[in-house]
Amino acid sequence: MPPPMKQTFKAKNFKKTFKQLLVSLRVYAWQIIVGLLCAATSTILGIIGPNQIQKIASYIVNEPIQMNEITKLGIGLIIIYLCSFGFAFVQNFLMSGVTARISKDFRTRISHKINNLPLKYLDSTPYGDVLSRVTNDVDLLSDTLSNSLSSMITCVATIIGSIIMMFSYSWKLTLIAIAILPVSMLVIGLMFKVSQKYFKMQQDALGDINGHIEEIYSGHNVVSIYNAQDQANEKFDDINNRLFTSSIRGNILSGIMHPLMNLFGNMGYALIIIIGCIMTIKDFSFVTIVTTFVIYYRMFNNQVGQIASISGTIQTTVAASERIFEFLDEPSQEDESQKTKQLSDIKGSLTFENVNFGYTPAKQILHDLSVEIKPGQKVAVVGPTGAGKTTLVNLLMRFYEVDSGKILIDGVDIKDIKRENVRKLFGMVLQDTWLFEGTIKENIAYGKKKVSDSDIIKVCKSAGIHHLIKSQPNGYDMILNEDSNFSSGEKQLITIARAMLHDAPMLILDEATSSVDTRTEVLIQKAMDELLKGRTSIIIAHRLSTIVNADLILVMKDGCIVEKGTHKELLALNKVYAGLYNAQF
């Protein structure tokens with residue numbers, strides 16, 4: 001029986017993607033060709049087998065029985081099947097190796113692509129979509145090349161070989177077998193088309209129900225506070241009913257296809273047996289031909305159903321390949337291999353000259369922004385949400401490029417320096433903590449080679465987290481994972497210790513203390529004051545208590561710097577900063 005039919009997703013441009021796929025596979029062309037030839041040879045040998053069985057049967061039916069001929073044919077049959085197995089083994093060995101290498105190559109290319117994509121793409125694309133391309137789409141492509149491609153060759157070879165062998169036995173019975181095929185394909189094709197509509201509805205409903213469950217789960221406290229459980233359940237029931245209806249209809253129609261194929265196949269068997277028996281009455285020796293013909297017809301009928309299923313799989317695979325190629329074809333960051341300028345003996349002066357920038361052309365974020373930051377200054381950037389504070393840092397770190405204007409470090413335009421060299425000049429602590437599964441020591445030393453334990457302990461003491469780490473099981477060798485009993489503030493302290501260890505000449509803190517309590521904030525502030533000595537630092541803060549001792553405070557509003565000065569100077573102005581400060585205190 002052929003495998004169950006699966007839902008297929010079609011590529012937007014099948015021909016273009018298929019050509020791209022072939023180009024990507026040309027490196028492994030000889031292995032694939034040899035593998036497919038082995039698959040075809042194994043199939044052909046399998047087709048020859050029943051013919052040998054028919055000859056053996058004819059020697060048994062006809063008298064006198066010739067044991068020598070039967071023995072020779074039997075030995076020949078065993079050799080044929082052993083050779084068929086050998087070719088199938090070689091094909092499987094070659095294709096398994098090729099598909100593993102292809103999967104590895106695609107994942108490597110995608111990984112390198114991720115590291116060379118501009119932040120703009122990653123900010124605008126869901127992480128789940130990128131992850132799906134690395135895992136699901138590559139796995140689907142690998143499975144198809146490993147199984148479906150060889151199966152397609154096997155199916156085609158079996159169908160052609162079976163038809164040839166059936167014609168060699170009886171052209172009348174062969175015409176009966178082939179005549180049933182168009183009718184069965186027409187009926188099954190119509191049912192497949194109808195069922196696809198319900199499978200599409202099923203996928204849409206499945207996406208809705210996953211989104212709803214994730215939304216309700218993540219906002220469970222809000223749902224409980226407002227007693228909205230009934231409302232949430234009503235929406236869930238509505239989506240669940242749609243999913244149930246589309247699933248049951250699609251599965252019923254899909255499930256009917258195989259009984260229908262069996263029905264048409266059995267009708268063919270019945271007609272072949274009836275007409276074959278009539279022909280046997282006239283010539284009894286024809287019974288061996290009918291028996292062998294039925295074996296070939298069974299091969300033919302099974303492979304027809306198999307081809308329909310594989311065709312759907314190949315369509316889905318090309319669609320997955322299209323998603324992979326779309327990702328790989330995304331514009332990468334500008335190649336900077338020709339840039340050789342490097343900064344040494346950093347003083348730490350920063351200059352923004354008439355900087356204009358917008359994430360989209362229609363919406364500008366920064367407008368003709370200019371400011372000069374002197375070496376060693378502790379500069380705070382404050383302002384309402386959406387004023388452009390984080391955008392300023394994104395441009396400074398070259399996560400995005402300015403639309404016009406310049407950003408200078410020690411008088412050198414950062415566009416003239418490689419991105420990685422610019423970023424080495426800064427230590428950075430973000431509002432959102434990022435820790436990977438590994439030891440505390442490995443997390444703190446992330447991105448820095450040849451770090452001694454004493455250096456790690458020193459920065460942890462400065463960050464006020466040494467005692468906490470020593471109180472954990474295994475201390476600095478404790479593995480951090482989802483089960484780790486660390487608060488968000490404690491995780492933030494680890495990332496601050498990481499920035500301290502980096503020991504860069506300049507420092508950026510983007511809401512670095514937003515996740516810690518007041519007592520912890522005081523400890524961090526003391527450590528930061530020591531860390532920031534002699535270093536140029538930019539601090540983005542909503543908690544104005546953390547930046548009252550800043551050398552310079554930049555007040556931003558609507559993408560412009562509307563005020564600048566020290567804490568006392570800005571309070572004396574009694575304008576935007578004073579309003580923000582008084583609102584908090």
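What counts, and where the lines are drawn
- Residues numbered from 1 in each chain as written.
- Predicted model: local features only at pLDDT ≥ 70, side-chain atom pairs only at ≥ 80, totals over all residues.
- Heavy atoms only, no water.
- Helix = DSSP H or I, 4+ residues; strand = E, 2+ residues; numbered from the N terminus.
- Buried < 20%, exposed > 50% of the residue type's maximum accessible area, 1.4 Å probe, protein only.
- Contact = heavy atoms within 4.5 Å.
- Patch = residues over 30% accessible without salt bridge, like charges linked within 9 Å, V, L, I, M, F, W, Y side chains within 5 Å.
- Areas by Shrake-Rupley, 256 points an atom, 1.4 Å probe, with all protein chains shown as cover.
- Salt bridge = Lys/Arg side-chain N within 4 Å of Asp/Glu carboxyl O.
- Pairing = 2+ DSSP bridges.
- Axes fitted to C-alpha atoms, helices over the stretch in contact; angles between N-to-C directions.
- 1 Å grid on protein atoms, 1.4 Å probe; cavity = no way out; pocket = protein on both sides within 12 Å on 5 of 7 lines; lining within 4 Å.
- Points joined across faces, edges and corners; volume = space filled by probe spheres on them.
- Nonpolar A, V, L, I, M, F, W, Y, C, P; charged D, E, K, R; others polar.
- Phe/Tyr/Trp six-rings, centres within 6.5 Å; stacked < 30°, edge-to-face > 60°.
- Polar contact = N/O pair within 3.5 Å; in protein donor to acceptor, adjacent residues only side chain to side chain.

### Some points on the environment of Ile457
Secondary-structure assignment places Ile457 in helix H13 (residues 453-462). Judged by its relative accessible area of 28%, Ile457 is partly exposed. Spatially, the C-alpha atoms of Ile457 and Ile444 are 9.9 Å apart, while their sequence positions differ by 13 residues. Not counting the four nearest positions on each side in its chain, Ile457 is found in contact with His466 and Tyr476.

### So, a nonpolar patch on the surface
A surface patch of nonpolar side chains, amounting to about 460 Å² of accessible area, comprises Phe85, Phe89, Val90 and Phe93. Here Phe89 shows up in helix H3 (residues 67-116).

### A look at the pattern of salt bridges
Taken as a whole and judged by the stated rule, the model has nine salt bridges. Across the pair Asp139 and Arg107 runs a salt bridge, and its minimum N-O distance is 2.3 Å. Here the residue Asp139 occupies a position in helix H5 (residues 127-169), and Arg107 occupies one in helix H3, the gap between them amounting to 32 residues. On the basis of relative accessibility, which here comes to 34%, the residue Asp139 falls in the partly exposed class. Through salt bridges with shared partners, one network takes in Glu336, Lys339, Arg398, Glu401 and Arg419.

### Notes on the sheet that holds strand E6 (residues 426-429)
The strand order E6-E9-E10-E3-E11-E12 describes an open sheet built from six strands, whose pairing is mixed. The open sheet has two free edges, formed respectively by E6 and strand E12 (560-565), since each of these has just one partner strand. Adjacent strand axes in the sheet meet at a mean angle of 20°, parallel and antiparallel pairs treated alike. The pairing of strand E9 (residues 506-510) with strand E10 (residues 536-540) spans five bridges and is classified as parallel. Of the residues in E10, the one forming a bridge with Ile508 is Ile538.

### Observations concerning empty space enclosed by the protein
The probe, sized like a water molecule, is rolled over the atoms to show the empty space still left. Scanning the entire structure with this criterion turns up two cavities of 30 Å³ or more. There is about 60 Å³ of room inside the largest cavity. Together, Leu395, Tyr400, Glu401, Val402, Gly405, Lys406, Ile407, Asp413, Ile414 and Lys415 line the largest cavity. Ranked by the residues each element gives to the lining of the largest cavity, the list is headed by strand E4 (residues 404-409), at three residues. For the lining of the largest cavity, the residue count by class is five nonpolar, one polar and four charged.

### Here's the deal with the packing of aromatic side chains
Each pair of aromatic rings is reported with the distance of its centres and the angle of its planes. For the structure on display, the rule yields 11 aromatic pairs. Ring centres of Phe106 and Phe325 lie 5.9 Å apart, and the angle between their planes is 65°; on these two criteria the pair is classed as edge-to-face. Placement of Phe106 in helix H3 and of Phe325 in helix H9 (residues 286-328) is noted, with a sequence separation of 219 residues between them. Side by side, Phe106 and Phe325 carry an identical accessibility label, which is buried. On the basis of an interplanar angle of 25° and a centroid distance of 6.2 Å, the ring pair of Tyr577 and Tyr581 is categorised as stacked. Taken together, the residues Tyr577 and Tyr581, both in helix H18 (residues 576-584) and four residues apart, mark about one turn of the helix. One aromatic cluster in this structure is built from Tyr269, Tyr297 and Phe300.

### Describing helix H10 (residues 389-396)
Counting buried residues in H10 gives seven out of eight residues, a clear majority hidden from the surface. Within the sequence span of H10, burial applies to Lys389, Thr391, Leu392, Val393, Asn394, Leu395 and Leu396. Just downstream of H10, Arg398 is the residue with a positive phi angle, here 60°.

### Notes on the pairing of E4
Bridge count between strand E1 (residues 350-357) and E4: five bridges; the pairing is antiparallel. Bridge pairing links Phe352 to Ile407 in E4. Strand direction decides the pairing type here: E4 and strand E5 (residues 412-413), joined by two bridges, are antiparallel. Considered in E5, the bridge of Ile409 is made with Val412.

### Observations regarding the side chain of Thr43
Mapped onto the secondary structure, Thr43 falls in helix H2 (residues 29-61). Only 2.8 Å separates the side chain of Thr43 from the backbone oxygen of Ala39, close enough to count as a polar contact. Other than its neighbours up to four places away in sequence, Thr43 contacts Thr154, Ala157 and Thr158.

### So, the side chain of Asp510
Counting through the fold element by element, Asp510 comes out in strand E9. If we ignore the near neighbours within four places in the chain, the residues touching Asp510 are Thr390, Val429, Leu430, Gln431 and Ile540.

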